[in-house]
Amino acid sequence: MSVALITGGQQGIGLGIAQALQVAGWKLAIVAEQPPDAAEGVMQKLGPDARYYQHDLTGIDKVPTLMDAVESDLGPVTSLICNAGVPARIRGDMLEILPENFDWTMNINLRGNFFLAQQVARRMLGQGEEPYRSMIFVTSVSAEMVSPERAEYCMSKAAASMMVKLFATRLAAEGIGVFELRPGIIATPMTAGVSSKYDALIEAGLVPASRWGEPADIGRAVLPLVRGDMAFSTGSVIAVDGGLSIPRL
């Protein structure tokens, strides 16, 4: 049975991905910084083949211990889904960003994800070629679309997009597929505080699909990537945004 490690898999987009993989018969390692009791109800719904691991992405020295625990409980990770991330700590004028707030976003969205992926990639190289192995990075349309009031978030996602290309190039000859998913406006706890703003924008035509995205939309997009259906497309960017990022006049 294939094993997926999903960061931030206890809520929002990560949970949508976890639910899709659960239905497809995967074992799940759900990794998040909250204590286990905070995710107890979710884990019960994900079933007996799911385990929860408390881990702060900024604690890169603890990644080997995390991976040892996952492998002991579930087996080698065949798909890494780097989904966890944080927004800009304070939205506002980019000329006023404080270094500590810039570092907070970068340490999680970029540095933490890189060193987790690095460790997973090293371990994947020690596995055979079956089953198919993959790494999925959930970034954002903000990797390309500018939001000056949350500049550090946009920069972290743009850098993560380059990280995908780098891992894809390094691992292609080993048969490990690496992909970038770029969600648009998705109904999650992260967007709950600005829902009225985006309701109005969507109604005004910002999103061609004329609706919010749902975590399940992302989950459905992940399935062909982790199965290997698109193995020769490694390094590809898949927009899951209802057409939001299509350039229009």
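Residues numbered from 1 in each chain as written. Predicted model: local features only at pLDDT ≥ 70, side-chain atom pairs only at ≥ 80, totals over all residues. Heavy atoms only, no water.

> Explain the overall build of the chain to me, please; I cannot follow it from the model alone.
Across its full length, the chain carries seven helices and seven strands. Counting helices and strands in the order they occur from the N terminus, the chain gives β-α-β-α-β-α-β-α-β-α-β-α-α-β. Computed over C-alpha atoms, the radius of gyration of the chain comes to 17 Å, within 12% of the 18 Å expected from 2.2 N^0.38 for 249 residues, which places it in the range of a compact globule. Counting only C-alpha atoms and orienting by the principal axes, one finds that the chain spans roughly 50 × 35 × 35 Å. Within the chain, the proportion of its 249 residues that are buried is 50%. (Helix = DSSP H or I, 4+ residues; strand = E, 2+ residues; numbered from the N terminus. Rg over C-alpha atoms; globule rule 2.2 N^0.38 Å. Buried < 20%, exposed > 50% of the residue type's maximum accessible area, 1.4 Å probe, protein only.)

> Honestly, the sheet that holds strand 3 (residues 50–54) in this entry has me stumped. Any pointers?
By definition, the strands of a sheet pair up through backbone hydrogen bonds, in either a parallel or an antiparallel sense. If you trace the seven strands from one edge of the open sheet to the other, you get 3-2-1-4-5-6-7, paired in parallel fashion. With partners counted over all chains shown, the strands left at the sheet margins are strand 3 and strand 7 (237–240), one partner each. Put simply, the sheet's adjacent strands are angled 20 degrees from each other on average, direction ignored. Across three bridges, strand 1 (residues 3–7) lies against strand 4 (residues 79–82) in parallel orientation. Opposite isoleucine 6, over in strand 4, you have isoleucine 81 as the bridge partner. Running at roughly 165 degrees to strand 3, helix 3 (residues 63–73) makes contact with strand 1, strand 2 (27–32) and strand 3 of the sheet. Running over the sheet, helix 5 (residues 151–171) touches strand 5 (133–138) and strand 6 (176–183) and is turned about 160 degrees from strand 6. (Pairing = 2+ DSSP bridges. Axes fitted to C-alpha atoms, helices over the stretch in contact; angles between N-to-C directions. Contact = heavy atoms within 4.5 Å.)

> Just to check I follow, could you spell out the nonpolar core for this structure?
Side chains of a nonpolar character, in soluble globular proteins, are inclined to be buried together. Core analysis: the largest hydrophobic core is formed by 32 residues, its most contacted members being Leu5, Leu116, Met135, Phe137 and Phe167. Counting only elements with at least two residues in this core, the list comes to strand 1, strand 2, helix 3, strand 4, helix 4 (99–124), strand 5, helix 5 and strand 6. Once residues lying within four places of it in the same chain are set aside, the contact partners of phenylalanine 167 are Phe114, Ala117, Gln118, Ala121, Met135, Phe137 and Val178. (Core = buried A, V, L, I, M, F, W, Y, C linked by side-chain atoms within 4.5 Å.)

> Explain the side chain of threonine 105 to me, please; I cannot follow it from the model alone.
Relative to the elements of secondary structure, threonine 105 occurs in helix 4. A relative accessible area of 0% means that threonine 105 is categorised as buried. Side-chain polar atoms of threonine 105 contact the backbone oxygen of proline 87, separated by 3.5 Å. The contact partners of threonine 105, leaving out residues within four places of it in the chain, are Val86, Pro87, Ala88, Arg89, Leu110, Glu152, Tyr153 and Ser156. (Polar contact = N/O pair within 3.5 Å; in protein donor to acceptor, adjacent residues only side chain to side chain.)

> Sorry if this is basic, but what is going on with helix 7 (residues 215–227) here?
Owing to its 3.6 residues per turn, the α-helix brings residues three or four apart onto one side. For helix 7, spanning 13 residues, the distance from its first C-alpha to its last is 19 Å, which sits close to the expected 18 Å at 1.5 Å a residue. Across the 13 residues that make up helix 7, a large majority, 10, are buried. For helix 7, the set of buried residues is Pro215, Asp217, Ile218, Gly219, Ala221, Val222, Leu223, Pro224, Leu225 and Val226. Here the buried face of helix 7 lies against helix 1 (12–23), strand 4, strand 5, strand 6 and strand 7. (Expected span 1.5 Å × (residues − 1).)

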